[in-house]
Amino acid sequence: MTTNRLSRLTPLLLAILVAVSACGDGATGATGSSPTPPTDPTDPSGPVPASFDVAPGVQRITVTDARPRQPLTLVDAEGRRLITLLADDLGQATFAYLAAEHVVVDTTTGLLPSSRGGSSVRPGDGYVVMDEERDPPEVSAPFRVLGRDDHPPDSHYDQEVTPVPWNVIGGPKEGYEASEGVNYLVMRDGVTLSAMVRTPDEALYGPGPWPTVVEYSGYDPSNPDRPQPGTLIANAFGFATVGVNLRGTGCSGGTFDVFDPAQQADGYDVIEIIARQPWVLNGRVGMIGLSYSGITQLFVAATRPPSLAGITPLSVIEDPWQMSWPGGIYNAGFTKEWLQERDNQAAPGGQSWTARRIEEGDTECEANQRIRTQSIDFEAFVNSLERRPADSDARDLSILVKDIEAPVFLTGAWQDEQTGPRFAGMIRDFDGTDRKHFTLFNGHHPDGYQAFHLSRWFEFLELYVAGRVPRVHEVIRAALPAEMQNNYGAPIELRPDRFADLDDGDVETALARFEADPVVTVLFESGAGSEEVPGAPYHRFEATFDTWPPENVEAWTLYLDGAESLSTEPPATESADAFEFDAEAGPMGYSGTGGGSFRVPTTELQLDWTYTPEGFGLSYLTPPLDQTVVLAGPGYADLWIQTGAGDAPIEIVLTEVTPDGNEVRIQNGIQLAGYRRLDEERSGPFLTRLHFGEDDYEPLSAELTLVRVPIFDVAHPLRAGSQLRVQVNTPGRDLPLWFFDNPDPGPGGARYRIARGGEHASAIVLAVLPAGAVEVPEGRPVCGVLRGQPCRPYVEMTNAPG
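So, how was this worked out
Residues numbered from 1 in each chain as written. Predicted model: local features only at pLDDT ≥ 70, side-chain atom pairs only at ≥ 80, totals over all residues. Heavy atoms only, no water. Helix = DSSP H or I, 4+ residues; strand = E, 2+ residues; numbered from the N terminus. Rg over C-alpha atoms; globule rule 2.2 N^0.38 Å. Buried < 20%, exposed > 50% of the residue type's maximum accessible area, 1.4 Å probe, protein only. Contact = heavy atoms within 4.5 Å. Lys, Arg positive; Asp, Glu negative; His and termini not counted. Charge placed at Lys NZ, Arg CZ, Asp CG, Glu CD. Pairing = 2+ DSSP bridges. Axes fitted to C-alpha atoms, helices over the stretch in contact; angles between N-to-C directions. Core = buried A, V, L, I, M, F, W, Y, C linked by side-chain atoms within 4.5 Å. Polar contact = N/O pair within 3.5 Å; in protein donor to acceptor, adjacent residues only side chain to side chain. Disulfide = S-S within 2.5 Å. pLDDT = per-residue confidence, 0-100. Phe/Tyr/Trp six-rings, centres within 6.5 Å; stacked < 30°, edge-to-face > 60°. Salt bridge = Lys/Arg side-chain N within 4 Å of Asp/Glu carboxyl O.

### Looking at the overall build of the chain
What the chain contains, in helices and strands, is 14 helices and 38 strands. In terms of overall dimensions, the chain is globule-like: its C-alpha atoms have a radius of gyration of 28 Å, near the 28 Å expected for 802 residues. In terms of overall dimensions, the chain has a C-alpha envelope of 90 × 70 × 40 Å along the principal axes. Across the 802 residues in the chain, those meeting the buried criterion constitute 60%. Long-range pairs, those at least 24 residues apart, make up 76% of the contacts in the chain with a sequence separation of at least 6. If the 58 positive side-chain charges of the chain are averaged to one point and the 114 negative ones to another, these points end up 2 Å apart.

Pasting the structure below:
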């Protein structure tokens, strides 16, 4: 478009935008079919109504029926040209992300321009999409971009959803086809999500209405032929289940994103649609799921759907950005692979079961694949987010969970090999509800579905969703150990029925008994609780607390000292140790097995926990402890670092060295030293949260600089006679599935000097319980049985002088 044509267009366009902004049309927004903007009859070269269709949604806009490669420019209410997208070969384009300045992007590449300084599309009125290269220019009707909390009228949720009867053995009732349970739910922006609806076995649980739960993820929860684990379990326990695919996945419409506001808003809509079904007991629904379908529950609950009765998130994350960039270092292991898999599955026909649906005549599924060409390459996009964008706050669960008002039952492992331990830091942020229950343990990602946890999970759902006294059907109680054997290598049983003394009408008594439980239950030494099946998820002992970290924790401060030692007093004389950058560490993990293998007893896993080579790390030990110490919470290391490399990727590894000469991994912490600005408002006495934005990064100077390295939450007993070992090295080697793209210091490598004593006394600060606060059984677990905590022979390391 020429400058003269743009100058003629701009005053008219601004006038249109101001007029429309003054009379917005409500939460449903406007589309290309709305009344066209007025034209100037005296200016034959003025804009004409757009020939393409525009569908605004929650912080995104979808254009269809454009010409292939047509340049489509998004203009805001102030007349600013935000970004120009070239339509794909099907005449489609999706606006979701903006660069810092106006750019032209070819949507057929699946890539976005540099994300530094960019943002997502903001909610608001007065947007238009225009083709400014046509003569005369084409301009859409002005429209409103929705925000997450812009709800449609209640009547929108009056949609009919049809379930299919299901058998406890895992298939549709005789005379029915599984596909009869496939439905499409219409979201507030018109996108349809595929949903598979199953009712429980009527032979066990009778006719409806039934208590109902939703499993919501980007895997295949709406696949009629393959129920997700949470759905299988809930159906067996007597719940109707609704498996819903996120937009841009499976047979659902729309384009894929990772936990964006549109998916959060969709979750709200799903809950409200399902709660209105006549087969739903009490007109309220719960949510279930582990990992992906556990994480989505937290996002949905933060939108506060009125009909949400409770959530049960298992094995979750906290901040998606820090999941990809822990401590500011790119996670080139599990997270990268997970994003690549999501990209592959978000492509048209990217999941094999959708092809079967289309072959069987599902025209909605087929039509919904068309827009998938607009899904961006998320792994590449996230990899470009070296600095944390401000928009990440809209997906940071440590910020969002404060808005959750529904009851919460959450479990997680300190050493989760997939989603990591960061989730524990946000437990204190659930201050929107008093009805919360957390179970924390050492272990693996799949452990949330083992029978011990399912006992309390079922109680929670029965009380808050079904509104009944919990009663596990005798058939399920008898059959479950065999299922546990198949999945966890041990016949784990449900806990005994603690409501057997109550009548069915004593719901309030049962609820009061459940709510009398302390908020936090910590299971210690999972893997060591069964002599018959060592390494299976049986724990040895447990403790309960009202908060996490417990209110009575104390600071255990240990100073780096000479002779590879840790002391409780700062050394009077300043000295230093040094280590070299370990270029081999980043891509190394200690597991040779995939993520799905971690259900089995740890004794069956193939683990190779390698040692840090001499000169490439530092090691410090306490003297043998004269009494048992129980770690209970997060911690941090304050290190005085000096290097000429400009930055330092640092890992802190905590291990227990036992009197018999073995070393057991406890926990770690990871930090890129260039990020040092403390988030004082959201940190605590032991919890360290740092800022990772564009203005927060500051390279290290050649002088000694204080760097705080957060150490993840953990609970672990150190019995008398053991020693705590603290290692400082390059990230890598010490986790099973997380690998690190450590910043390369160049061909000469890098040397890091860590000062200790005097005015530069580097120290470790850990949260520990007062002596005797928890009764710890005598005798250490056998080396190698603790879940998530590998064990190896202890090897001394001599620190190089600094």
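After presenting the structure, the write-up continues.
### Thoughts on the sheet that holds strand β3 (residues 61-64)
Overall, antiparallel pairing links the three strands, which are arranged β2-β3-β6 in an open sheet. Either end of the sheet is taken by a strand with one partner, and the two such strands are β2 (53-56) and β6 (93-95). Recorded for the sheet is a direction-independent mean angle of 20° between the axes of neighbouring strands.

### What about the nonpolar core?
Within the largest apolar cluster, 134 residues are counted, with the highest numbers of intra-cluster contacts made by Trp548, Trp556, Leu639 and Ile652. Top contributing element to this core by residue count: strand β29 (residues 629-642), with eight residues. In this structure, Phe460, Ile492, Val533 and Ala536 belong to the second largest nonpolar core, which totals 37 residues.

### Thoughts on the pairing of strand β33 (residues 723-729)
β33 sits mainly inside the fold: six of its seven residues count as buried. Pairing between strand β28 (residues 617-621) and β33: five bridges, direction antiparallel. Along β33, the bridge assignment pairs Ser619 with Gln727. With seven bridges joining them, strand β30 (residues 649-657) and β33 adopt antiparallel strand pairing. Bridge assignment links Glu656 to a residue of β33, and that residue is Leu724.

### A few points about helix α12 (residues 451-466)
Most of α12 sits out of view: 16 of its 16 residues are buried. The distance from a side-chain oxygen at the start of α12 to the backbone nitrogen of Phe452 is 2.7 Å, and the residue carrying that oxygen is Gln450. Of the residues one or two after α12, Gly467 is the one with positive phi, at around 70°.

### A look at the state of the cysteines
Counted according to the given criterion, the structure contains two disulfides. A sulfur-sulfur separation of 2.1 Å characterises the disulfide bridge that pairs Cys251 with Cys365. Judged by the torsion about the S-S bond (-70°), the Cys251/Cys365 disulfide is left-handed. Placement of Cys251 in the loop between β17 (240-245) and α4 (261-275) and of Cys365 in helix α9 (residues 363-369) is noted, with a sequence separation of 114 residues between them. In this pair, the class of Cys251 matches that of Cys365, namely buried.

### Structural notes on the side chain of Thr296
Looking at the element boundaries, Thr296 is found in helix α5 (residues 292-301). According to the relative accessible area criterion, Thr296 is buried, its value standing at 3%. At a separation of 2.6 Å, a polar atom in the side chain of Thr296 contacts the main-chain carbonyl oxygen of Tyr216. In this view, Thr296 contacts Tyr216, Leu246 and Phe259; residues no more than four positions away in its chain are not counted.

### Looking at the confidence of the model for the chain
In this model, the chain carries an average pLDDT of 93, and 94% of its residues clear a pLDDT of 70 or more. Segment residues 1-42 is flagged for pLDDT under 50; beyond a separation of four residues in sequence, or across chains, it makes 67 contacts in the model.

### Topic: the packing of aromatic side chains
One pass over the full model with this rule turns up 26 aromatic pairs. Relative to Phe460, the ring of Phe409 has its centre 6.0 Å away and its plane inclined at 40°; by these criteria the two rings are tilted. One end of the pair, Phe409, is in strand β21 (residues 408-413); the other, Phe460, is in helix α12, with 51 residues separating them in the sequence. Like Phe460, Phe409 is buried. Taken together, a centroid distance of 5.2 Å and an interplanar angle of 55° make the contact between Phe579 and Tyr752 tilted.

### Regarding the pattern of salt bridges
The full count for this structure, using the stated rule, is 52 salt bridges. A salt bridge links Glu138 to Arg134; its shortest N-O distance comes to 2.6 Å. Residue Glu138 is classed as buried on the basis of its relative accessible area of 3%. Given a relative accessible area of 35%, Arg134 falls into the partly exposed group. Here the salt bridges share partners, and the residues they tie into one network are Arg60, Asp257, Asp260 and Arg395.

### Some details on helix α3 (residues 229-236)
Across the eight residues of α3, six count as buried, placing the element largely inside the fold. The secondary structure elements touched by the buried residues of α3 are β15 (192-199), α2 (202-205), β16 (210-217), β17, α12 and α13 (474-488). Gly238 lies just past α3 and shows a positive phi near 105°.

### Focus on the environment of Cys791
Tracing the chain through its elements places Cys791 in strand β37 (residues 791-793). The sequence separation of Cys791 and Ser252 amounts to 539 residues, and the corresponding C-alpha distance is 45 Å. With residues up to four places along the chain from it excluded, the contact list for Cys791 reads Trp609, Asn662, Glu663, Val664, Cys783 and Gly784.

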